[in-house]
Amino acid sequence: MEEPWRSLTLANAAIVARNAPLTEERLQTLGSPVSDAEAMFAWDVIHARWYAFQGRLAESSAQAKTAMARVELLPSDKRSVARAAAQHRLGVVYRLTSDDDEAMRLQMSAERTYLEAQWELDAAFCRAEMAAILMKRGDPGAAIDLYMSTLDVVERDGSALQLSAIRFNMAVAMQRAGNDDAAAPLMRELLSLPPYDRPIPERAVIAQNLALMAKLNGKVDEARTWYQDAQRCLDPQVHPAQLRRLLIGMADLALRSDDVEEARAQLLMADALVVDGPSVTSEIERSSTWARIHAHDGNESLATHEIDRARAMAREQHVLEEHAAVLDDALRVVNDVEYRMSLLEELTVVQAERLAAAQTSVARIVAARTQYEQERAVRELERQHELMRTIIDTHDATLRDVGRDLHDSLGQDLTVLSKLLHRVREHSDALPDEMLTHLDLAVGVSERATRDARRISHLLAASDVVGGRLHAAIEGLMEGLRAAWPDVQMSLLVHGDVSVIPDATARMLFRCTQGLLQNAMRHAVPTCVSVQVMLRDGAVHLSVEDDGVGFDPAFIHAGMGLRDLHARAEALGGSVHVDSSRGHGTFVQVTVPFEA
């Protein structure tokens, strides 16, 4: 592999492996963007990914938008998947900056493009991002379903590192859903697999989640072991914010086991860390934990100060769950009656807000899941229609080829045979009468076979069926059937200007008429068959009706004829209506919308 693609590939692999020092080294080796448009696009996408990995979201967003703008400079056959790659990367940034609606829209658009291009692995990563959005919106169940849908594809086409990342996210979703029994074993298994088998920040996240589950289940010693594992993965100089959250959690664990001095030590270490923009949630938990320590020391003034600080942060950020937890903890440690009354009043208000927020959240979750499922249904329907169109086009192409071969090969041979027989007939004076009779019969058979071959080849090919000739094509079709079934009355009525029907729609209607008439003549035993073509309200309505034996639709499975009919109509956005009963004939109508 030549440069710069070798360096780009190595840098991307380092990001996938969560190896920050190696990524930095390879990106520095790569240097500034190169002149090749495709390599420059890849440079933009990789840097957008790297900045997001570092938490530099503004730079990641700018780089992803640059990649999006650069798509138009790429070769036309590569623009769609390149745009999808930029959309996916930009969607990640929007999720991280809480613009969930735009993030979901971008991921859905990217997934659709990838599926159309049959890039199943990239489409799976888009679904994984959608799962992260749904989990963030409070729907871990839907997130788990989406993560599950990606596993087979990533296991088949992706790397071991990518598979581990999907499984990790799925384990977190299981934990959020309250299924610790499934989440904990999966997380423990992941710790023995790359990249989580070495001391990296992602391992610390898994260990901290395991510690939290153990702590909430009263397993203090197990929780302490996991916290210590997580602590060994974090460099205070590189990951101060993550370490600060970890130390606060360890302080809470110490308090749960009545080890106040250990809790105090952990919080003092957390306070010593210099953190730029610490997490609001962790800061609320820190103040609440300090309040419990001060209350244990008998210093209610300092305890009240920390409680008020935590309450103020919770109110300002409108984090209702944390706000309720602070008030609940405070009521356990403060003794002042008036202060307790104020806490109880505030808790009543917060609980009411939590209830209202829960109702809104449920509605939002339902709306988000409904939107996603509708989008998926639309895309699946479009995919099925595209598949139908491909099958139908292949079927029609085969019929045209057979019809053309029938005309050019067998038809020509029959024409030559007929001419030779006529020439023999012209010089047959010396032949006995018996031979002349056979010769006349052979001439008649050859002429009939020539006509039949020409008629069948035209029916198979249908290449000359366009909007303006639909009327004549159906008439020709019915003429052939009248010759085979002279006792059956056949009629055709056309209402409207068929010349405005698009050619593809006209050919589809001709094929439908062909199939319906053949079904009627072979199975219905009719005495009368009528065909009607009507243009009305931006659609063409084709109906075929017979007075034959009919059938009970409830007990008739759609055979190849009806399946083909439905497939042809649905491929062009149309529909089929069948009305029949035993002894009362059959009426079939095909409706297809079109733009003149």
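First things first, this report covers the structure right here in the doc. (Residues numbered from 1 in each chain as written. Predicted model: local features only at pLDDT ≥ 70, side-chain atom pairs only at ≥ 80, totals over all residues. Heavy atoms only, no water.)

Observations concerning the overall build of the protein chain
When you go through the protein chain residue by residue, the secondary structure sums to 22 helices and five strands. Counting over 596 residues, the protein chain shows a buried share of 44%. Within the protein chain, residue pairs in contact and separated by at least 24 positions form 61% of the contacts whose partners lie at least 6 positions apart. Split by element, the accessible area of the protein chain, about 30,900 Å² in all, is 53% carbon and sulfur. (Helix = DSSP H or I, 4+ residues; strand = E, 2+ residues; numbered from the N terminus. Buried < 20%, exposed > 50% of the residue type's maximum accessible area, 1.4 Å probe, protein only. Contact = heavy atoms within 4.5 Å. Areas by Shrake-Rupley, 256 points an atom, 1.4 Å probe, with all protein chains shown as cover.)

Quick look at the side chain of Lys215
Assignment of secondary structure puts Lys215 in helix α11 (residues 201-216). Here Lys215 falls in the buried class, since its relative accessible area comes to 6%. Polar contacts involving the side chain of Lys215 include one to the side chain of Tyr227, which spans 3.1 Å. Setting aside its immediate chain neighbours within four residues, Lys215 contacts Ala223, Tyr227, Gly249, Asp252, Leu253 and Arg256. (Polar contact = N/O pair within 3.5 Å; in protein donor to acceptor, adjacent residues only side chain to side chain.)

A look at the nonpolar core
The tendency in soluble globular proteins is for nonpolar side chains to be buried side by side. Phe41, Tyr147, Tyr196, Ile206 and Leu210 are the most contacted members of the largest nonpolar core, which has 86 residues in total. Looking at this core element by element, the count peaks at 12 residues for helix α7 (residues 120-136). Leaving out residues up to four positions away in the same chain, Tyr147 has contacts with Ala128, Ala131, Ala132, Met135, Ile166, Asn169, Met170 and Ala173. If you look at the next biggest cluster of nonpolar residues, it comprises 32 residues, including Val498, Met508, Val529 and Val531. (Core = buried A, V, L, I, M, F, W, Y, C linked by side-chain atoms within 4.5 Å.)

Here we look at empty space enclosed by the protein
Taken as a whole and assessed by the stated rule, the structure comprises one cavity of 30 Å³ or more. The volume enclosed by the largest cavity comes to roughly 30 Å³. Taken together, Ser288, Ala291, Arg292, Ile307, Val326, Asp329 and Ala330 form the lining of the largest cavity. Here the residues of the lining of the largest cavity are counted per class, giving four nonpolar, one polar and two charged. (1 Å grid on protein atoms, 1.4 Å probe; cavity = no way out; pocket = protein on both sides within 12 Å on 5 of 7 lines; lining within 4 Å. Points joined across faces, edges and corners; volume = space filled by probe spheres on them. Nonpolar A, V, L, I, M, F, W, Y, C, P; charged D, E, K, R; others polar.)

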